[in-house]
Amino acid sequence: MSNIETFYQVMRRQGITRRSFMKYCSLTAAALGLGPAFAPQIAHAMETKQRTPVIWLHGLECTCCSESFIRSAHPLVKDVVLSMISMDYNDLLMASAGHQAEAALETSMEKYKGQYILAVEGNPPLNEDGMFCISGGKPFIEKLKKAAEGAKAIIAWGSCASWGCVQAARPNPTQAVPIHKVITDKPIIKVPGCPPIAEVMTGVITYMLTFDRIPELDRQGRPKMFYSQRIHDKCYRRPHFDAGQFVESWDDENARKGYCLYKVGCKGPTTYNACSTVRWNEGISFPIQAGHGCIGCSEDGFWDQGSFYDRLTNINQFGIEKNADQVGMAAAGVVGAGIAAHAAISAIKQTTQRKKTESQEEQNS
């Protein structure tokens, strides 16, 4: 890959100063949760390592992963695509099309065999010999298998590639399957979500390019740096959950107060993702903050788990024998008892004060 520039060479050629480059490395380290001590390591990698070729395929999907990816702010997707990696094939983003695009794919697979990262958005349908998804004049399943042969690692973008998503939901007439059901001899990094968070996507790529290895994965193949905690663990509404304060129905008084959305179907307690910490749209917000419960889109089979607005099975988070309903009623009881006690104490004080006043008046007379 001697004809591929390093990331730093590309940035300098574009007029980026050394100061701006180091600032970029620091921001990237922070976005990955690595801390400022890793900024020099990122800088060294960007200065010395050649850009990694990336081939990005599209199977059965709605392109929402790409739509999310191009909105990354830390790092900006233009820096990822134009500087950090060599995006050799992506039929959505590349300028060429048709035979020219497919020729570029063949050239890249042959020239960089064993060196490129294969990014897959969507999944392959197996029914009717894969005829439900044709790409470049061939069933996508064939294109996927051929591209995977020369890849050093595979990234499964989104819940479609990771789990199957809506295409694989019952009754699944096309027999759509996640890519790990087809590719079994390559390391696969699953980045689920419908779509994944933009900064999570670019963060995974940045980590792989910086440290020349795949990030630490959980038992399901997801990067621990982004999928090690439940949305519920860092949700700003968690104190309301612990206090037994819940939205009982949409747009009720509790909803206006920002109470927990667990009872109206929020799947935050069972969903592993970075929504409540990284958030969306440059960290502005996420669904729960906007007033809608988590639908669990990054979990396996979320389309087949019933309505998005059906509450989870009762979970005893508050004690051995307590659930949300019991704690909610207990909290209401405590508040009611507190109000009654306050009223009783106030009445006693008023009676005592009145008797003292009457006694003083009698003495004065």
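Located above this text is the structure these notes cover.
About the cut-offs
Residues numbered from 1 in each chain as written. Predicted model: local features only at pLDDT ≥ 70, side-chain atom pairs only at ≥ 80, totals over all residues. Heavy atoms only, no water. Salt bridge = Lys/Arg side-chain N within 4 Å of Asp/Glu carboxyl O. Buried < 20%, exposed > 50% of the residue type's maximum accessible area, 1.4 Å probe, protein only. Phe/Tyr/Trp six-rings, centres within 6.5 Å; stacked < 30°, edge-to-face > 60°. Helix = DSSP H or I, 4+ residues; strand = E, 2+ residues; numbered from the N terminus. Axes fitted to C-alpha atoms, helices over the stretch in contact; angles between N-to-C directions. Parallel < 35°, antiparallel > 145°, perpendicular 65-115°, else oblique. Contact = heavy atoms within 4.5 Å. Nonpolar A, V, L, I, M, F, W, Y, C, P; charged D, E, K, R; others polar. Left-handed = near helix turned anticlockwise from the far one by under 90°.

Undergrad: Can you help me understand the pattern of salt bridges in this one?
TA: When the charged atoms of two side chains with opposite charge come close together, those side chains can pair. By the definition in use, this model includes 12 salt bridges. The salt bridge involving Arg222 is made with Asp218; its shortest N-O contact spans 2.8 Å. Taken as a pair, Arg222 and Asp218 share a single burial class, namely buried. For the salt bridge of Arg230 with Asp233, the shortest nitrogen-to-oxygen distance reads 2.7 Å. Overall, Arg230 belongs to the buried group, its relative accessible area being 17%. Within the structure, one salt-bridge network assembled from shared partners comprises Asp218, Arg222 and Glu299.

Undergrad: Looking at this structure, I do not really get the packing of aromatic side chains. What am I missing?
TA: The geometry of an aromatic ring pair comes down to the distance between the two centres and the angle between the two planes. Per the stated rule, a full pass over the model turns up 13 aromatic pairs. Look at Tyr236 and Phe286: their rings are 6.4 Å apart centre to centre, the planes differ by 80°, and that puts the pair in the edge-to-face class. Remark: Phe286 occurs in the loop between helix 12 (253–256) and helix 13 (324–364) and Tyr236 occurs in the loop between helix 10 (224–227) and helix 11 (238–242); sequence separation between them is 50 residues. Taking the relative accessible area as the measure of exposure, Phe286 reaches 3% and is therefore buried.

Undergrad: What is the right way to read the packing of helix 3 (residues 39–48) against helix 9 (residues 198–211) from this model?
TA: The description of two helices packed together rests on the angle between their axes and the distance between the axes. The contact between helix 3 and helix 9 brings their axes to 8 Å, and the two run at 75°. One element, helix 3, and the other, helix 9, form an angle in the roughly perpendicular class. Touching Gln41, Ile42, Ala45 and Met46 of helix 3 are Thr206, Thr210 and Phe211, all from helix 9. Looking at the contact of helix 3 with helix 9, its residues break down into four nonpolar, three polar and no charged.

Undergrad: What is the right way to read unusual backbone geometry from this model?
TA: Trans is the common state for peptide bonds, and a negative phi is the common state for residues other than glycine. With an omega of 5°, the peptide bond between Arg170 and Pro171 qualifies as cis. Relative to the assigned elements, Pro171 resides in the loop between helix 8 (158–162) and strand 7 (188–191). The omega torsion across Cys194 and Pro195 is 0°, close enough to zero to call that bond cis. Looking at the element boundaries, Pro195 is found in the loop between strand 7 and helix 9. Despite not being glycine, Cys165 has its phi angle at roughly 55°, a positive value. Relative to the helices and strands, Cys165 resides in the loop between helix 8 and strand 7. Residue Cys165 is classed as buried on the basis of its relative accessible area of 10%. Its identity as a non-glycine residue notwithstanding, Glu282 has a phi of 60°, on the positive side. As for its position among the elements, Glu282 is in the loop between helix 12 and helix 13.

Undergrad: Can you walk me through the packing of helix 6 (residues 98–111) against helix 7 (residues 140–149) in this structure?
TA: Where helix 6 meets helix 7, the axes come as close as 10 Å, and the angle between the chain directions of the two elements is 30°. Overall, the two elements helix 6 and helix 7 adopt an arrangement that is roughly parallel. Crossing geometry of helix 6 relative to helix 7 is assigned as left-handed. Between helix 6 and helix 7, the residues in contact are Glu102, Leu105, Glu106 and Met109 and Lys143, Lys146 and Ala147, respectively.

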